[in-house]
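Working through the structure, step by step
Now for the letters of each chain:
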Amino acid sequence: MTRLIIGAMVRAIGAYPSGWRVSGAHRDPRGDAAVLRRAAEVAEAARLDYLFFGDWLATGHDLEFRDPYLVARIDPISAITYLAGITSRIGLIATANTSYADPYSLARATASIDLLSGGRAGLNLVTGAEPRAAGNHGQDFHAANEHRYDRVVEFEHVLRRLWDSFEDDAIVADAATGVFLDPGKLHATDFHGAHLSVTGPLNVARPVQGHLPIVHAGTSPRSRLFAAQSADLALVAVNGLEHAVAIREELRSLAFESGRDDRTLKVIAPVLPIVGETRGHAQSIADELSELVQIAEDWPDGPPAAFPAKRSLAQLTALVGVDVSELSPDRAVTPSLVAGFSAAGQELVDIVAERTGRSPSGERPPTLRHLVVAASVNASMVVGTAVEIAEEFEAWGDAGAVDGFNVLSAVQPAQFEAFALGVVPELQRRGVLPTEYEGETLREHLGLGRPDNVHVTRDDVSFRTVTGRDGVGLRTVERSPRHP
């Protein structure tokens with residue numbers, strides 16, 4: 001059996017576009033504090049490894065339809081600071097966008113949270129640039145986007161040097177001699193790169209974990225290379241078991257080629273489980289979520305200007321190869337209609353059947369709306385009972401596809417608690433998740449050691465970008481044979 005890392009990606013009003021519309025769901029961001037508190041209490045009692053908070057630095061009407069949870073949300077650094085005071089063991093990971101963040105301020109805030117939480121903080125570094133976010137930060141979008149990976153490489157290097165400004169024993173605090181600080185153990189950053197210039201040192205003691213675990217998500221070759229070289233957790237969306245095995249192998253190979261012990265890179269897949277008391281019950285929940293998603297044809301005179309273009313019968317027509325653009329969204333998908341579908345259309349029908357239990361030849365056939373939603377709502381869903389979902393998780397771990405999962409909940413609090421109170425005990429029964437925390441810090445939860453101070457070890461090489469697979473920061477160092 002494989003010990004899995006299980007964290008929860010917290011979205012207070014639910015991770016599915018229509019989750020907030022389900023009866024009993026939390027839907028008012030002004031009440032997020034109570035939801036976050038309850039989620040943290042439930043997750044820690046279940047012994048999840050961490051809570052993960054993403055971010056988006058702008059808002060707009062389009063998000064209401066695409067990702068409602070982004071319209072208004074708590075700042076992630078604020079969220080983990082709040083939860084650090086009401087939890088004692090669970091890890092807390094916040095997101096920061098390096099295109100707009102200041103490395104000194106971020107190093108100071110995160111080192112502080114790690115000290116205040118007893119070593120439970122983590123940091124997800126993202127690089128994406130978005131026109132509205134750029135405008136909110138007084139930047140030109142195109143310039144920010146063009147250099148975002150060059151900047152994140154420098155950013156990560158600077159963060160580690162800032163966190164290591166103080167050696168662990170730099171504060172002497174000898175009342176008898178009057179010596180408070182050993183000045184030889186306080187180190188300047190002195191970094192001057194193409195995108196960042198930071199002198200340092202940081203005015204916060206070294207974090208409990210030495211370095212906070214760094215997370216990175218992305219699908220581009222450059223993103224994967226950065227994750228392989230610099231991240232502790234790589235978040236990778238995958239479209240099936242075989243794809244996941246290949247991606248994990250690629251990332252670990254890149255990590256090895258960069259001079260790392262490739263076992264220190266943990267590959268985590270996002271997943272949205274729909275948990276029911278029976279499989280049929282779980283499918284009915286997924287079915288309701290699909291039926292509550294609005295598509296373009298729900299507006300007789302056309303959808304709002306900000307509505308997602310892909311969520312329409314016109315787009316479905318292009319995908320399935322049959323003109324359904326003039327039909328009702330709630331028109332049943334019958335065997336005669338499916339007979340003319342392309343291979344992609346046939347695959348959509350199979351996905352809907354797996355998720356909702358609806359099939360063209362059944363008593364309750366799917367509707368065109370179900371197909372539009374399956375094609376346009378990007379979610380890696382697993383639908384079933386707690387036992388079935390635990391079996392799926394265990395199978396992925398044993399196949400070497402992932403080191404763990406970032407679990408999203410379609411509906412808060414119902415689906416979050418169904419996972420924590422149902423699936424997690426089953427994972428623990430199978431021995432793939434411990435029944436008690438085995439360490440005190442987030443690094444320990446993740447199976448990671450505490451790094452040495454970069455200012456005093458032989459690994460403190462000067463920053464330089466050397467040609468790698470795509471020209472980003474590959475260091476040439478001695479390495480041991482690759483681990484399986």
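Residues numbered from 1 in each chain as written. Predicted model: local features only at pLDDT ≥ 70, side-chain atom pairs only at ≥ 80, totals over all residues. Heavy atoms only, no water.

Test applied: UniProt positions are given in the numbering used here, feature names are shortened, and annotations may be inferred rather than shown by experiment.
The name given to the protein chain in an unreviewed UniProt entry is FMN-dependent oxidoreductase (Nitrilotriacetate monooxygenase family), with the source organism recorded as Agromyces ramosus. A UniProt comment under Sequence similarities (unreviewed entry) is attached to the protein chain, and it reads "Belongs to the NtaA/SnaA/DszA monooxygenase family."

**A few points about the environment of L83**
Quick note on the threshold: Going along the chain from the N terminus, every DSSP run of H or I of four or more residues is numbered as a helix, and every run of E of two or more is numbered as a strand. Relative accessibility under 20% of the residue-type maximum defines a buried residue, over 50% an exposed one, and the middle range a partly exposed one, all with a 1.4 Å probe and only protein chains included. Residue contacts are counted whenever heavy atoms from the two residues lie within 4.5 Å of one another.
You can see L83 is positioned in helix α3 (residues 76–84). Exposure remark for L83: the relative accessible area of 0% places this residue in the buried category. Remark: the alpha-carbon pair of L83 and A33, spanning 50 residues in sequence, is separated by 9.5 Å. If near-sequence neighbours (up to four positions away) are discounted, L83 is found in contact with L36, R37, A40, L51, F53 and L92.

**Quick word on the domain arrangement of the protein chain**
To keep it simple, the criterion reads: By convention here, the domain bounds are inherited from an automatic or database domain assignment. Buried area is calculated as the accessible area (1.4 Å probe) missing from two parts once they are joined, with the contributions of both summed. Salt bridges are identified by distance alone: a Lys or Arg side-chain nitrogen within 4 Å of an Asp or Glu carboxyl oxygen.
The assigned domain composition of the protein chain is domain 1 (5–272 + 385–481) and domain 2 (294–376). Listed by partner, the interface residues are seven residues for domain 1 and eight residues for domain 2. Buried surface at the junction of domain 1 and domain 2, summed over both partners, amounts to about 560 Å²; 66% is from carbon and sulfur atoms. For the domain 1 face of the interface with domain 2, the top three residues by lost area are Y16, D62 and F65, together amounting to 67%. Linking domain 1 to domain 2 there are zero salt bridges.

**Brief notes about the nonpolar core**
For clarity, the threshold we go by: Nonpolar cores are built from buried Ala, Val, Leu, Ile, Met, Phe, Trp, Tyr and Cys residues. Side-chain atoms within 4.5 Å join them into one set.
Membership of the largest hydrophobic core comes to 80 residues, with the highest contact counts inside it found for I6, L51, F393, F405 and F419. Residue contributions to this core peak at seven residues, all from helix α1 (residues 32–46). Setting aside residues up to four positions removed in sequence, F419 forms contacts with I6, L48, P273, V275, F393, V407 and V424.

**Some thoughts on the environment of Q139**
We apply this condition: Here a polar contact means two N or O atoms within 3.5 Å. Within protein one must be a hydrogen donor candidate and the other an acceptor candidate, and residues neighboring in sequence count only if both atoms are side-chain atoms.
Relative to the elements of secondary structure, Q139 occurs in the loop between α5 (131–136) and α6 (141–146). In the structure, Q139 is positioned 70 residues away from Y69 in sequence and 25 Å away in space, judged by C-alpha atoms. In terms of polar contacts, Q139 uses its side chain to reach the backbone carbonyl oxygen of S99, at 3.2 Å.

**So, the pairing of strand β12 (residues 381–384)**
Our working rule: Strand pairing is defined by DSSP finding a minimum of two bridges between the two strands.
The alternating pattern of β12 places M381 and V383 and V382 and G384 on opposite faces, both of which are buried. Here four bridges tie strand β11 (residues 266–275) to β12, and the two strands are oriented parallel to one another. The residue of β12 that forms the bridge with L272 is M381.

**Notes on helix α14 (residues 368–376)**
Among the nine residues in α14, seven count as buried, and that is most of the element. Of all the positions in α14, only L368, R369, H370, L371, V372, V373 and A374 are classed as buried. Against the buried residues of α14 lie α10 (279–291), α11 (313–320), α12 (335–338) and α13 (343–356).

**Considerations on the packing of helix α8 (residues 221–230) against helix α9 (residues 241–257)**
Stated formally: The axes are straight lines fitted to the C-alpha atoms, using for helices just the contacting stretch, and the angles between their N-to-C directions are given from 0 to 180°. If an angle is under 35 degrees, it is roughly parallel; if it is over 145, roughly antiparallel; if it lies from 65 to 115, roughly perpendicular; otherwise it is oblique. Note: crossing handedness is left-handed where the near helix turns anticlockwise from the far helix by less than a right angle, and right-handed where it turns clockwise. The classification used treats Ala, Val, Leu, Ile, Met, Phe, Trp, Tyr, Cys and Pro as nonpolar, Asp, Glu, Lys and Arg as charged, and all other residues, Gly among them, as polar.
Contact pair α8 / α9: the axes reach a minimum separation of 8 Å and the direction vectors enclose 60 degrees. In terms of orientation, α8 lies oblique with respect to α9. With respect to the hand of their crossing, α8 and α9 are arranged in right-handed fashion. Counted together, R224, L225 and A228 of α8 and I247, E250, L251, L254 and A255 of α9 form the full contact between these two elements. Considering only residue class, the contact of α8 with α9 consists of six nonpolar, no polar and two charged.

**Topic: the packing of aromatic side chains**
Threshold: In summary, the pairing rule links any two rings of Phe, Tyr or Trp, Trp by its six-membered ring, whose centres are within 6.5 Å, and it sorts them by plane angle into stacked for under 30 degrees, edge-to-face for over 60 and tilted for everything else.
Enumeration over the complete set of coordinates arrives at six aromatic pairs. On the numbers, 5.9 Å between centres and 90 degrees between planes, the contact of F65 with W299 is edge-to-face. Residue F65 is located in helix α2 (residues 61–66), and its partner W299 is located in the loop between α10 and α11; the two are separated by 234 residues in the primary sequence. Taking the relative accessible area as the measure of exposure, F65 reaches 6% and is therefore buried.

**What to know about the pairing of strand β4 (residues 121–126)**
Condition: Looking down the strands as they point away from the viewer, one classifies a crossover as right-handed if the path from the first strand across the helix to the second runs clockwise.
The element β4 is largely enclosed, with a buried count of five among its six residues. In the sheet, strand β3 (residues 91–97) pairs with β4 via six bridges, with the strands oriented parallel. By the bridge assignment for β4, N97 is matched with V126. Regarding topology, helix α4 (residues 103–117) serves as the crossover connection from β3 to the parallel β4, and that connection is right-handed. Of the pairings in the sheet, the one linking β4 to strand β9 (residues 214–217) comprises two bridges and is parallel in character. Paired with N124 across the strands is V215, a residue of β9.

**Quick look at the side chain of T189**
Topologically, T189 is positioned in the loop between β6 (179–181) and β7 (191–192). When its relative accessible area of 0% is taken as the criterion, T189 is described as buried. Apart from residues no more than four positions distant in its own chain, T189 is found in contact with V158, R161, L162, V198, T199 and G200.

**Side note on α9**
Cut-off, in case you're wondering: Each helix should span, by expectation, one fewer than its residue count multiplied by 1.5 Å.
The terminal C-alpha atoms of α9, which comprises 17 residues, lie 24 Å apart, in line with the 24 Å expected from a rise of 1.5 Å per residue. Burial in α9 covers these residues: A244, I247, R248, L251, R252, S253, L254, A255 and F256. Positive phi shows up at G259, right after α9, with a value of about 100 degrees.

**As for the UniProt feature "binding site: FMN" (unreviewed entry) in the protein chain**
As annotated in UniProt, the feature "binding site: FMN" (unreviewed entry) corresponds to D55, T95, Y149 and S220 in the numbering used here. You can see Y149 is positioned in helix α7 (residues 148–163). Given a relative accessible area of 9%, Y149 falls into the buried group. Ignoring any residue separated from it by four or fewer positions in sequence, one finds Y149 in contact with T127, H216, S220, R222 and S223. Inspection of the secondary structure assignment puts S220 in the loop between β9 and α8.

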